[in-house]
Amino acid sequence: MPMQLITPPAAEPISLAEAKLHLRVDFGEDDALIQALISAARQAAEMLTQRQLVTARWRMVLDSFPGPSLMGVPVGQTFTLPGHAVLLPKSPVASVVEIRYLDMAGVSQVMPCAHYTVDKACEPARITPVFGQIWPVALPQIGAVSVIFDAGYGSAADVPEGLKSWIKLRLGSLYAHREEVASMARGRIDPLPFVDGLLDPYKVPLI
């Protein structure tokens, strides 16, 4: 589903000073390069985990609201992903800003926040109409529905250390090996399996 970044994160999870300390770099000529590699490593971590690290605002675009018009959850099941739920593909979700749709006249409407509920504890987060409500009838046209939401841990200081550690290790690899193919002149280069294992506790399952 299309995702649009509306407001980028205000900072990277690790600072330039932290990165240079990890890389053992004490000169300034590579500062711009290191800053770019921090962003690349952070984006890789976010892609692999389906997470947003430092809080940012996103728009998810849908063609329609999901599921049947008569909705509910199965009785007796303690947890479900009901067919009428909208799942937000970035975690952790901080808040849903608005749900907007085109009505049958093609006019943009905002669904009242009192008409839907958000389960932010679930990853991915779930949105459904509250009991007694249904999703509005949207224009049968591509891109007729959009959900704007904030996702992320907060500031850089709030990002878990496991994620920061992976970013530093990926940063070290990017800085040391700047080409697509590693030179084998000095012997064999093997990946370290434990490195990507640092991300395992943070990976959000793809539904």
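Everything in this summary refers to the structure shown in the same document. Only a predicted model underlies this, so the values are computations on that prediction, with no experimental measurement involved.

A short note on the overall build of the protein
Within the protein, the regular secondary structure consists of 4 helices and 8 strands. Here the protein holds 207 residues, and the buried ones make up 38% of them. Within the protein, residue pairs in contact and separated by at least 24 positions form 77% of the contacts whose partners lie at least 6 positions apart. If you sum the accessible surface of the protein, you get close to 11,900 Å²; carbon and sulfur atoms cover 58% of it.

A few points about the pairing of strand E6 (residues 116-119)
Note: E6 against strand E7 (residues 125-129), 4 bridges, orientation antiparallel. Each bridged residue has a counterpart across the sheet, and for Val-118 the counterpart in E7 is Ile-127. Between E6 and E7, which follow one another and run antiparallel, lie 5 residues.

Observations regarding unusual backbone geometry
Cis geometry is adopted by the peptide bond preceding Pro-92, which originates at Ser-91 and carries an omega value of -10°. One can find Pro-92 in the loop between strand E3 (86-88) and strand E4 (93-102). With an omega of 0°, the peptide bond running from Glu-123 to Pro-124 counts as cis. Within the secondary structure, Pro-124 sits in the loop between E6 and E7. In this structure, Arg-24 is a non-glycine residue whose phi angle is positive, near 60°. For Arg-24, the location among the structural elements is in the loop between helix H1 (16-23) and helix H2 (31-49).

A few points about the pattern of salt bridges
Tallying each qualifying case throughout the model produces 9 salt bridges. We note a salt bridge from Asp-31 to Lys-20, for which the minimum N-O separation is 2.9 Å. On the criterion of sequence distance, the pair formed by Asp-31 in helix H2 and Lys-20 in helix H1 is long-range, its members being 11 residues apart. On the basis of relative accessible area, Asp-31 is assigned to the partly exposed category, the value being 23%. Several salt bridges converge on common partners, so that one network encompasses Glu-12, Arg-42 and Glu-46.

Quick word on the packing of aromatic side chains
Inspection of every chain in the model, using the stated rule, returns 2 aromatic pairs. Between Phe-65 and Tyr-101, the ring centres sit 5.8 Å apart and the planes meet at 65°, which makes this aromatic pair edge-to-face. Here the residue Phe-65 occupies a position in the loop between strand E2 (56-62) and E3, and Tyr-101 occupies one in strand E4, the gap between them amounting to 36 residues. The class of Tyr-101 is buried, set by a relative accessible area of 14%. Relative to Trp-135, the ring of Phe-65 has its centre 4.8 Å away and its plane inclined at 10°; by these criteria the two rings are stacked.

Regarding the pairing of E4
Two elements, E4 and strand E8 (residues 145-151), share 7 bridges in a ladder whose sense is antiparallel. When the bridges of E8 are listed, Val-93 appears paired with Ala-151. Direction of pairing for E4 relative to strand E5 (residues 108-110): antiparallel, over a ladder of 3 bridges. By the bridge assignment, Arg-100 is partnered in E5 with Val-110.

A few points about the nonpolar core
If you look at the biggest cluster of nonpolar residues, it comprises 22 residues, and the most contacted ones within it are Val-86, Leu-88, Val-96, Ile-99, Ile-127, Val-147 and Phe-149. Counting residues per element, the ones that place at least two in this core are E2, E3, E4, E7 and E8. Not counting residues up to four positions away in its chain, the partners in contact with Val-147 are Trp-58, Arg-59, Met-60, Val-86, Leu-88, Val-96, Glu-98, Ile-99 and Ile-127. Formed by 21 residues, the second largest nonpolar core is a distinct cluster that contains Ala-45, Val-54, Val-159 and Trp-166.

Points about the side chain of Arg-51
In this fold, Arg-51 is placed in the loop between H2 and E2. Assessed through its relative accessible area of 5%, Arg-51 is described here as buried. At 2.6 Å, the side chain of Arg-51 forms a polar contact with the side chain of Glu-123. Apart from the residues lying within four places of it in its own chain, the contact partners of Arg-51 are Glu-46, Lys-90, Ser-91, Pro-92, Glu-123, Tyr-153, Tyr-202 and Val-204.

Reading the values: rules and limits
- Every residue gets a number counted from 1 within its own chain, in the order that chain's sequence is written.
- At least 70 in pLDDT is required for a residue's local features to be given in this predicted model, at least 80 for side-chain atom pairs to be given and counted, and no such filter applies to totals for whole chains, interfaces and linings, which use all residues.
- Excluded from the side-chain calculation are hydrogens and water; included are all heavy atoms of the structure.
- Labels follow the DSSP assignment, with helices taken as runs of H or I lasting at least four residues and strands as runs of E lasting at least two, numbered in each case from the N terminus.
- The classification of residues rests on relative accessible area computed with a 1.4 Å probe and restricted to protein chains. Under 20% of the type maximum is buried, over 50% is exposed, and intermediate values are partly exposed.
- Contacts: residue pairs with any heavy atoms within 4.5 Å of one another.
- The accessible surface values rely on the Shrake-Rupley method and a 1.4 Å probe; as for residues, cover is taken only from the protein chains in view.
- Strands are treated as partners if at least two bridges between them are detected by DSSP.
- Any Lys or Arg side-chain nitrogen located within 4 Å of an Asp or Glu carboxyl oxygen qualifies as a salt bridge.
- Each Phe, Tyr or Trp ring, with Trp reduced to its six-membered ring, pairs with another whose centre is within 6.5 Å; inter-plane angles below 30 degrees give stacked pairs, above 60 give edge-to-face pairs, and intermediate values give tilted ones.
- Here, nonpolar core means buried Ala, Val, Leu, Ile, Met, Phe, Trp, Tyr and Cys residues that are tied together by side-chain atoms lying within 4.5 Å of each other.
- The definition of a polar contact used here is a pair of N or O atoms within 3.5 Å, where within protein one atom must be able to donate a hydrogen and the other to accept one, and adjacent residues in sequence count solely through side-chain atom pairs.

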